[in-house]
Amino acid sequence: EVEQALSVRKVRGAVLGLVARSWPTSVPFGLAQLGGARGIMSILQLTAAEMLSTVLEEKAAGSGPAEKPMLEAFKEKIVRLAKEEWGKCGRRAEALPQPSANPEALYKELKDAKTPRTASMLARKSSKPTSPPATDCPLIALLMEECILHFAQAVHHPPPVLVFKSAHPYPSHDEVREEIHIPGASKLLVTFDSRCHLGNDILTRLSFYRDHDYQDLISQNNGRGAARYPSFVIPGDRVWFKFTSGNNNGLWGYKFKVKPIEYRLDDKQALGSHNFELGKWLFELFLEDMPHGVTERYIAELYDAITFYVIHSKPSCKIKGVKLLIQFLLHVHRIPALRLSLLIGRMSRVPDLKKLKPLTQEMDAVMGSLDVHRTIHSRTLQALMELLATADLVQKDFSIGKRQLQLAAPADKKAAVDKEASSVPLAPTSPVLSRSNSVAVDLSDPIKHSVDISRAGGRRIVILEAKYGPDDVTDRLANHVERTGGTELVLPASMRDLKELRPFSIDPEKKKDKRLRVKYRVERFEFVPGDSDVKGSVQAVVVKESLERSILIKAPSKSQPALPEGEPTHIVLSSGPSMFEQVVRISRFTLQARALRETAPASPVAADAKEMKGEEKETKIKQGIDAKVGKAGPTALPNPRAFSKGNIIATDEFLTEAIRLWSLEGSHRPLVPAMGEGKELRPSSTFGFPDPGHFTNQFSATMWLYLEQKAGSTGKPSEKDGSAIPAEACRGLLHKGYHVGTGEPAQHKFGFRRSKADTSRTRFSLTLRRNNALSVHVLDQAGQGHTHVSVKPIPLKRWVHVAVVCRGNTVDIYFDGAFDSKMTLPRPTSGNPEPILLGRPIPGFHPPGVQPPSTSRGGNPNEEDSGTIPSIEGVVKDLRWYVRDLQQKEVKGIIDECTSSKKGKRTSLKDFQLQAPATKGDVKRLKPGHVHGGHLNAIEALCNGRQVHCNGAKDSKYHDVDPEIWEQWHKWTPKMDAQLIRLFSDVAELEQKRKGVAKRGTLPSLLNLSARLVEIPEKLLRTYHLLKGIPVACLRMRFLFIQILNIRIVKVLPMVDFSQALSPWSLAHRLSSLSHLIFLEIKNVAWMHILHQTSTGRGHYVNLNQPRAMKAQERGDRSGRKSVFFQLYLQLHFIKPSVLRTESRPWVVSYQGFGGQDAGGLFRDSVSTICSELHSQWVPLFIPVPNSRDGGVGENQEKWLPCPSCRSQLHISNYAFVGKLMGIAIRGSHMLNLDLPSLVWKPLVGDTVTMSDVKAIDVISCGQIESLSKAGMSGSDITKDNYHDFVPKYFVMVGYDGKEVELKEDGASIPTTWENREEYFSLLKEAKLSEVRPQAQAIRKGLGTIVPIQLLPLFTWQELEMMVCGKREIDIDYLKANTRYRAPVKESDSHVKMLWEVLREFTGDERRLFLRFVWGQSRLPYNPADFKQKFEILSSRDNSNHSLPVSHTCFFSVELPRYTKKSAMREKILYAITNCQSIDTDHAAQNVDWDDES
């Protein structure tokens, strides 16, 4: 049977090879020669069953053989035949028949049939090849039928998934043995339930084996937690498992699933259309390779087929279909001809996006139990979220496109367009589209044209209807929402607390559960631009209409007075954007960014029409803005598209947000005006204000306060021991957010936040303690609350100016401009989008650190009293909220500008009057939060592609947002953005040093930097050459845009499936293309969490013979087989990779013949040794780059490159081990001293290698390629006569290692000619780009066994190099900042200062030698947090100028003698680091045989 199967396989391969590659040129190629359409389909089915998964694996890996895979070659033949059919039928859509059945009908037919295939199916598929075709295009029709049938069969016959589980709890003293067999599988995946919990005793084990004798162990599991039950893959189609148990104390047991991840079909299954991969292959064939008319004809059928599969398939299989459906939607959205056909209704049927509604319900169900604090969510949820976001995006874009088409069409055709495209729902028309393409803006008189931009981007809840049981509480609930900021509806979930709120205070049925039914809508404030005579305004736009929620309020009982565990303790209806909206928003941005990079024409409708006529041409977008804004008289900005040419697009939403934040950072948010009587506060008073909407952790709150009564009564509160303060001793003043005790983070369910325990959402809170001391409470990034009480109390019946300033790590209190006290935080503060409350906190909740009252106060039943503290009694004026930290002189300036000599007595409540902010001279000032409407109109028009004419002179004395900032926008490149981020990183570091928090072991936060106000030193700016000549204001605005982008990305990262980062259609791929714009601090959040979750290693012991390696090197051994690298390779490469996944030392070293004990130093020394060997001539894996040869030419001459000729299995395995070393370096911050070019790093992060990377290492070859590309053109030095002076005589080239390489098969015997120069040029370019691709892929494969490479595309290749290799240049100030001094040594000692001076004078190589001498490695980590040990300077026993320093590499320390002369210190340190590199002083060394060959 085996011989017969092999014979059949060989014959089949020969037939396919004949058809796909070796068809005789003398024989016509057509359907008749291949047995008709049915014959081709049978060959395709049998071939796909055998080869498809292999092809897909090669395609996904980005590799594959040099020659095209057989199936790909066969596809070219099929496409050729299909195009011939399409041409013969006159390219008429009517010639393509409707499929005989839709997916639903086929599935029902298959489900009802007693046999796997129904009679009608058999009849249709067994028609004779010689029978006349039922259509002019039989092959195309049959391919479509097969595609639909495969998806229906995939739903009817899903891949087998076997489930094995114990009883729960599992029985004691039990034993289970079982074989698991899935016929046809070539690989099995075993996954475990998260609830698995087995005893840790010696008897209880769940073990998996490769053999039926239970001897060859694969995995052994017990205990609890994901780390104890890792998923694993088993080659083959069967596995055996054994479960044994000891005494069980009620533990849950086990449950696991086994499913095939590679599935081989037999011939019967293949011919029965059971191959989902073939259905997917056919789907992509129609989508990407078929003629446009064929795709257009079957677009609805393709959509129906894949939608049916996605909706009805099992959850374990759904993700494959979701990816295809996303690909389909983006393909239709991207191809202009398809878009235009959909818009004008040219297609007979169009995709119905309403069919995705079941997926929306499924996603909502999953979101109901979602933990929003998870760093990464399941791939199924990620895929569903991306799919629905893409569908929503496509639908809205079609609506806008249809409206554009209507406006562009003649009046008599608009009705026809309306009728034909009626299936696409319309969205609200943009104001810009209804006006002309030119706009004139007025830049004069800012006061007249001012616009309050502070509200833009904000949201609010509008209560439409509310019923509490039978009672209508609409107005009361609306007032409650308005009083608490208007952005959220916050309610306690228990009737005991709820009944005290004003809307629910009258409740005659307190002992019965009641249901609160709320109908509401969500509105967003948007800037709507005007014309020359209209200034524009911020208007409310409905985002979500008629949302309904039904909430059950449970009444307390004697048996259950409190809420049961697991029930929500509070309920929140938020107006903020949901996760789905955020994914849609970032998807839209990334799609626009990609479209802009592809240089799309300016008019989408015109481009669609051009492609339909076959006249599509690439349009070059004009660079630059020819005229400047602000000159007298009308000025034109002629090329509006250039405004958004950078890789950040100034979309309307981004633009409004940036200008709002720009304005907010320059002024403040006024909450209570300075003029008038202010806000009078009584015990039940609560005034709410929306969140200012800023993301930094620095803020300031200032106010004038008049207190009428003390906050407490008698007794002294316990403020120093950390215990809670009684509510009777506190009064509320100002709160950012609300507090519900302390407990687990909340969870989302639809619009609600649920929590099993209480949770704190208070970012900032001001309360008055007894004796009127001001208490400040803030929340840090870890969720820990910190409280500080002022030194001085606030006096009664006197106006006092209060200012509380949060600087991130510190909080300062000022009274009347004078400093009172400071609180220092262990971690920076955090932010939240909660509203600001003045007076009493949200009823039902109490401030942090305060005990709720044990009893309610009596009084008016309409007066709210729900267990929270009352408000202060007094008056507040001029309450301001700043999104930056004020300096003391600024606080004094606020007092001075609002007061005068006639301000009245401070002790008088009514006589004390504040004045409006003073003006200086004739300078007019805009109100806080207002900007010039003309500027907004000009910038908004530019973004929407309109011509702008500016009238009126610009006055720099009072303008706020200057359109001239945008003149430089079109010049931005990714390299400039990278330099801009580095510039602001340096600025953030300077800010940390200024604030005294630079040594806290964290990277400076770019999200918490004020882009507009932070100081940028001119000297620092000059060091960034790409940013020269750009106004500082433009730099600041550009960085603000990047900050906004990062804030939006960080919210959606958990919903992005980065395993699809190499797929161009995926959101992960589009986000990865913006990796240079994403801050490293954001990437590290997910990255470090995943590294920690996948850390499973416990280390391994290795024994190294360094003398043998040194002896072999002296003898000239170039194989490297005795090197330390190869010794480590033999001992570590073939063990389980999970052993090496550790954040500590992955191996412990024992050096033969050396007297060292490894406490870290020997390990680091072994890493440094293998890096030195890899960058040497005697380990053949790496070679110097070509630029370093023959005296050196070009840049990067110090780099090393994988040797292109090292392609044996052993060498590829060695490269995989190098990848493992890189992963080890990333996990444990064990820096590798490797210098590799971008040609190696880029493939590791999924980036594309370009000729610029080749030029960076091989200038001569690049010069040759550039010359060849111009051969035959005017001005070229290469002509037909001297062609072979520049080009070899045959199809060969000189590789990076200097060896001759054939460019094609038998290239050494194929001559090059002037006529085939283009072929030679193309092959030469491709060969240079891919010469070290196999080695880079092997490195990536090894890297993927240690770290999750799915997330690597999120990083740039420079960041990956930094994670692996650290800082190449050793920064002495950076080392000094991470240094400790052990007594009696002090930082101020003269010999310590002398050490830093000497190290600064060292060369780069000498600094690396010093670092290896004291630490065992040659590079410093990039991130200060990666310093597992700080550098320590110890005292020495011998302090003469003749003494040598002594290092302790295991502990990163040095015993430094107290040298009196700088020259003596330099001499002795240089001698030590050059000659004392052996680690052999821990104990007596042992003898070792240097010549041992074993």
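Residues numbered from 1 in each chain as written. Predicted model: local features only at pLDDT ≥ 70, side-chain atom pairs only at ≥ 80, totals over all residues. Heavy atoms only, no water.

S.K.: How should I be thinking about the overall build of the protein chain in this particular structure?
M.R.: Of the regular secondary structure elements, the protein chain holds 41 helices and 48 strands. Here the protein chain holds 1494 residues, and 52% of them are scored as buried. Restricting the contact set of the protein chain to residue pairs at least 6 apart, pairs at least 24 apart contribute 75%. Put simply, the protein chain shows about 66,400 Å² of open surface, and 51% of that area lies on carbon and sulfur atoms. (Helix = DSSP H or I, 4+ residues; strand = E, 2+ residues; numbered from the N terminus. Buried < 20%, exposed > 50% of the residue type's maximum accessible area, 1.4 Å probe, protein only. Contact = heavy atoms within 4.5 Å. Areas by Shrake-Rupley, 256 points an atom, 1.4 Å probe, with all protein chains shown as cover.)

S.K.: Hey, could you run me through the pattern of salt bridges in this one?
M.R.: Overall, the coordinates contain 41 salt bridges when judged by the stated rule. Across the pair Asp-1253 and Lys-1242 runs a salt bridge, and its minimum N-O distance is 3.0 Å. Of the two residues, Asp-1253 sits in helix α33 (residues 1251-1255) while Lys-1242 sits in helix α32 (residues 1238-1244), which places them eleven residues apart along the sequence. The pair formed by Asp-1253 and Lys-1242 is uniform in burial state, with each residue classed as buried. Among the charged side chains, a salt-bridge network with shared partners connects Glu-1397, Glu-1401, Lys-1462 and Arg-1466. (Salt bridge = Lys/Arg side-chain N within 4 Å of Asp/Glu carboxyl O.)

S.K.: Even after reading the chapter, I still don't get the packing of aromatic side chains, so can you show me in this structure?
M.R.: A complete count under the given rule lists 41 aromatic pairs for this structure. Each ring, one from Phe-241 and one from Tyr-254, has its centre 6.4 Å from the other, and the planes form 70 degrees; the classification is edge-to-face. One end of the pair, Phe-241, is in strand β9 (residues 238-244); the other, Tyr-254, is in the loop between β9 and β10 (255-263), with 13 residues separating them in the sequence. With a relative accessible area of 1%, Phe-241 lands in the buried category. Ring geometry for Tyr-814 versus Phe-819: centroids 5.8 Å apart, planes at 70 degrees, classification edge-to-face. It is Arg-177 that lies over the ring of Tyr-214; its NZ or CZ is 4.9 Å from the centre. (Phe/Tyr/Trp six-rings, centres within 6.5 Å; stacked < 30°, edge-to-face > 60°. Lys NZ or Arg CZ within 6 Å of the ring centre and 35° of its normal.)

S.K.: Looking at this model, I keep getting lost on the packing of helix α23 (residues 974-995) against helix α25 (residues 1032-1052). Mind explaining?
M.R.: How two helices sit against one another is set out by the angle between their axes and by the gap between those axes. Direction vectors running N to C along α23 and α25 enclose 95 degrees, while the axes themselves pass 11 Å from each other. Put simply, α23 runs roughly perpendicular to α25. Across the interface between the two elements, Asp-977, Leu-980, Ile-981, Leu-983 and Phe-984 from α23 touch Leu-1035, Arg-1036, Arg-1038, Phe-1039 and Ile-1042 from α25. Class assignment of the residues belonging to the contact of α23 with α25 gives a composition of seven nonpolar, no polar and three charged. (Axes fitted to C-alpha atoms, helices over the stretch in contact; angles between N-to-C directions. Parallel < 35°, antiparallel > 145°, perpendicular 65-115°, else oblique. Nonpolar A, V, L, I, M, F, W, Y, C, P; charged D, E, K, R; others polar.)

S.K.: What am I meant to see in the sheet that holds strand β29 (residues 773-779) here?
M.R.: Taken in spatial order, the six strands line up as β22-β34-β25-β28-β29-β30 in an open sheet, and their pairing is antiparallel. The outermost strands of the open sheet, each flanked by one partner alone, are β22 (686-689) and β30 (785-793). Neighbour-to-neighbour, the strand axes of this sheet turn through a mean angle of 15 degrees, independent of strand direction. Summarising the sheet, strand β25 (residues 731-736) and strand β28 (residues 764-768) pair through five bridges and their orientation is antiparallel. For Leu-734, the partnering residue across the bridge sits in β28 and is Leu-766. (Pairing = 2+ DSSP bridges.)

S.K.: Would you take a moment to explain helix α31 (residues 1209-1228) for this structure?
M.R.: Because an α-helix packs 3.6 residues into every turn, residues spaced three or four apart end up facing the same way. Over its 20 residues, α31 extends 29 Å from the first C-alpha to the last, a length consistent with the 28 Å expected when each residue adds 1.5 Å. Counted residue by residue, α31 has 16 buried out of 20 residues, so it is predominantly covered. Within two residues after α31, Ser-1229 carries a phi angle of roughly 55 degrees, on the positive side. (Expected span 1.5 Å × (residues − 1).)

S.K.: Any chance you could explain the packing of helix α3 (residues 70-88) against helix α6 (residues 138-156) here in plain terms?
M.R.: Contact geometry for α3 and α6: axes closest at 8 Å, N-to-C directions at 120 degrees. As summarised for this structure, α3 and α6 are arranged oblique, according to the angle between their axes. Residues Ile-78, Leu-81, Ala-82, Glu-85 and Trp-86 of α3 lie in contact with α6, whose contacting residues are Pro-138, Leu-139, Ile-140 and Leu-143. Partitioning the contact of α3 with α6 into residue classes produces eight nonpolar, no polar and one charged.

S.K.: Hey, could you run me through the nonpolar core in this one?
M.R.: Nonpolar side chains in soluble globular proteins generally cluster together in the buried interior. Counting 224 residues, the largest nonpolar core has Leu-44, Leu-143, Phe-328, Leu-983, Trp-1147 and Met-1222 as the members making the most contacts within it. Ignoring sequence-local partners within four residues, the contact set of Leu-983 consists of Ile-1016, Leu-1020, Leu-1021, Tyr-1024, Leu-1027 and Leu-1035. Residues Leu-707, Leu-766, Val-778 and Val-811 belong to the second largest nonpolar core, which totals 35 residues. (Core = buried A, V, L, I, M, F, W, Y, C linked by side-chain atoms within 4.5 Å.)

S.K.: I tried to follow the side chain of Ser-685 on my own but got confused; where do I start?
M.R.: Relative to the elements of secondary structure, Ser-685 occurs in the loop between β21 (679-681) and β22. Ser-685 sits in the buried class, given a relative accessible area of 12%. For Ser-685, the side chain forms a polar contact with the main-chain nitrogen of Arg-682, separated by 2.8 Å. Not counting residues within four places of it along the chain, the set of residues in contact with Ser-685 comprises Glu-680, Leu-838, Gly-839, Arg-840 and Ser-871. (Polar contact = N/O pair within 3.5 Å; in protein donor to acceptor, adjacent residues only side chain to side chain.)

S.K.: Please clarify how the sheet that holds β10 should be interpreted in this entry.
M.R.: What holds strands together in a sheet is hydrogen bonding between their backbones, with the strands either parallel or antiparallel. The four strands are arranged β1-β10-β3-β8 in an open sheet whose pairing can be described as antiparallel. With partners counted over all chains shown, the strands left at the sheet margins are β1 (162-165) and β8 (232-235), one partner each. Neighbouring strand axes in the sheet, compared pairwise and without regard to direction, differ in orientation by 25 degrees on average. Both β1 and β10 contribute to a ladder of four bridges, which runs antiparallel. Bridging from a neighbouring strand, Val-163 pairs with Lys-257 of β10.

S.K.: Help me out: how do you make sense of α23 in this one?
M.R.: Its 22 residues give α23 an end-to-end C-alpha distance of 31 Å, which sits within 8% of 32 Å, the value for a rise of 1.5 Å per residue. Among the residues of α23, those classed as buried are Met-976, Asp-977, Gln-979, Leu-980, Ile-981, Leu-983, Phe-984, Val-987, Ala-988, Glu-991 and Gln-992. If you follow the buried residues of α23, they end up packed against α24 (1018-1021) and α25.

S.K.: Help me understand unusual backbone geometry, please; the structure alone is not making it clear to me.
M.R.: Trans peptide bonds make up the majority, and among non-glycine residues the majority have a negative phi. With an omega dihedral of 0 degrees, the bond running from His-168 to Pro-169 counts as a cis peptide bond. As for its placement among the helices and strands, Pro-169 is situated in the loop between β1 and β2 (175-181). Geometrically, the link from Ala-1383 to Pro-1384 is a cis peptide bond, its omega value of 15 degrees lying close to zero. Considering the arrangement of structural elements, one finds Pro-1384 in the loop between β45 (1379-1381) and α39 (1390-1401). Positive phi outside glycine occurs at Asp-1306, with the angle close to 60 degrees.

S.K.: Whenever I open this one, the pairing of β29 confuses me. Can you help?
M.R.: Every regular strand shows the same layout, with side chains that alternate between the two sheet faces. The buried fraction of β29 amounts to seven of the seven residues, a majority that puts the element mostly inside the structure. Residue alternation in β29 divides its side chains into two sets, Ala-773, Ser-775, His-777 and Leu-779 and Leu-774, Val-776 and Val-778, and both sets are buried. Bridge analysis of β28 against β29 gives five bridges, and the strand direction is antiparallel. Looking across to β29, one finds that Leu-766 is bridged to Val-776. If you look at the hairpin formed by β28 and β29, you'll find four residues sitting between the two strands, and Asn-771 has a positive phi there, around 65 degrees. Note: β29 against β30, six bridges, orientation antiparallel. Note that in β30 the partner of His-777 across the bridge is Thr-787.

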